[in-house]
Amino acid sequence: MVTGKCALCLFDRPLIQSHYLPAALYRLVRNRDPEGKIVQTEGSSSALSTFEFKTPLLCAECEKRFSKGGEEYTLHNCYRKEGQFALQTALQSMGQPVHFSPSVSLYKTAGSALIQTDKLVYFAASVFWRSSVYLWRTSRGLFVNRSELGPYQENLRRYLLGESPFPDLAVMLVNVSSRPRPMMNMFTLPVGKRIERHHMFIFAIPGVDFTLFVGPRIPASCFLSCTHHSPEKYVGFMDNDSYFVPTLLNRLKDATPKGKLVKDHEVWLNKMSDLP
Ligand SMILES: [Zn+2]
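Caption draft 1: The arrangement of helix 1 (residues 23-30) in detail. Of the positions making up helix 1, those classed as buried are Leu25, Leu28 and Val29. The buried residues of helix 1 occupy an angular sector of 90° when the element is viewed end-on, so they sit on one face.

In structure tokens form, the structure reads like this:
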């Protein structure tokens, strides 16, 4: 076991293999394939792969902190299979949502025991932070997009460690799909872009999109719908599927299949395109 400085608590400790996205998410997605393989796109090619992003990043205590702080809850309540999507079921029992944008309605979850927004926000923050704190590489050694959080990286570290509240100048939007079979067998790593004078980062797991805004000039409308800052603890309900689905499907169609995927490319595309 490697000993080094844990990226979260900053103590010198034995470090364990920490995942970028939780091991439980890989298990959830792999369960659909008899051989436990998933299609990974990398650059302009795609292949069946058992690769998982992991590196000695955190000590055992901090790994446990992430797991208990939000990972277990989020992975248990996201879309797992048809008829098993606890977050969606909970939102649908919460009365009338507020119309927010052409594609998203907001459900007030404050005061409800059915949804633990603090855990959803913590989980998402931990993924964005992991995207910022380490330069992750694919199985072929290519660097993936890093979420450049600037000073918010340290703010989030302290929040994740329980030393300070969620940053004032950050907004987290949690958006749940209304589809019965959302996002199928897909998840994404965080991607980001600069929008005028703030930054936006987003990633998706089955059935749920997470968006983080950071910067001193985030529009007030974002704070109104923020799952953390809004007094209503709003959770979004997407009229359609994840923001990522069209992009991911196009990437899969355009990518050149490699290895064993060559033979089964059509089968996989059909499987992944099978959206209701
Ligand atoms: Zn630690």
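What follows picks up the thread again.
Caption draft 2: Representation of the sheet that holds strand 13 (residues 256-257). Ordered by their spatial adjacency, 3 strands build an open sheet running 3-4-13, and the pairing between neighbours is mixed. Every interior strand has two partners, whereas the edge strands, strand 3 (38-42) and strand 13, have only one.

Caption draft 3: Fine view of helix 2 (residues 60-77). An ideal rise of 1.5 Å per residue puts 26 Å on 18 residues; helix 2 measures up with 24 Å between its terminal C-alpha atoms. Lys68 marks the point of greatest bend in helix 2, at about 45°. Taken together, the buried positions of helix 2 are occupied by Cys62, Arg65, Phe66, Gly69, Gly70, Glu71, Tyr73, Thr74, Leu75 and Asn77.

Caption draft 4: Broad picture of the sheet that holds strand 2 (residues 12-19). Read across the open sheet, the 3 strands follow the order 1-2-5; overall the sheet is antiparallel. At either margin of the open sheet sits one strand with a lone partner, and together these are strand 1 (2-5) and strand 5 (54-59). Pairwise comparison of adjacent strand axes, ignoring direction, gives a mean angle of 60° for this sheet. The sheet contact formed by strand 2 and strand 5 spans 5 bridges and is antiparallel. Paired with His19 across the bridge in strand 5 is Lys54. In the packing of helix 2 onto the sheet, contacts are made with strand 2 and strand 5, and the angle to strand 5 comes to roughly 95°.

Caption draft 5: Region of the structure containing the nonpolar core. In terms of nonpolar packing, the biggest core is built from 64 residues, with Ala124, Ala125, Phe128, Met172, Val174 and Leu212 touching the most fellow members. Sort the elements by how many residues they give to this core and helix 4 (residues 117-133) lands first, with 9 residues. Residues in contact with Ala125, not counting those within four places in the same chain, are Leu156, Tyr159, Leu160 and Met172.

Caption draft 6: Seen up close, the pairing of strand 11 (residues 208-214). The buried count for strand 11 comes to 7 of 7 residues, which makes it a mostly enclosed element. Residues of strand 11 alternate between two faces, with Val208, Phe210, Leu212 and Val214 on one and Asp209, Thr211 and Phe213 on the opposite face, all of them buried. Bridge count for strand 8 (residues 170-177) against strand 11 is 7 bridges, and the pairing is antiparallel. Counterpart to Val176 in the pairing with strand 11 is Val208. Pairing analysis gives 7 bridges linking strand 10 (residues 198-205) to strand 11, with the strands arranged antiparallel. In the sheet register, Ile202 faces strand 11, and the bridge partner there is Thr211.

Calculation notes
- Residues numbered from 1 in each chain as written.
- Predicted model: local features only at pLDDT ≥ 70, side-chain atom pairs only at ≥ 80, totals over all residues.
- Buried ≥ 20, exposed ≤ 12 C-beta atoms within 10 Å, placed from the backbone.
- Helix = DSSP H or I, 4+ residues; strand = E, 2+ residues; numbered from the N terminus.
- Arc of directions from axis to C-beta.
- Pairing = 2+ DSSP bridges.
- Expected span 1.5 Å × (residues − 1).
- Bend = angle between axes of the 7 residues up to and from the residue.
- Axes fitted to C-alpha atoms, helices over the stretch in contact; angles between N-to-C directions.
- Contact = placed C-beta atoms within 7 Å.
- Core = buried A, V, L, I, M, F, W, Y, C linked by C-beta atoms within 7 Å.

Purely spatial values, then, with no claim about function.
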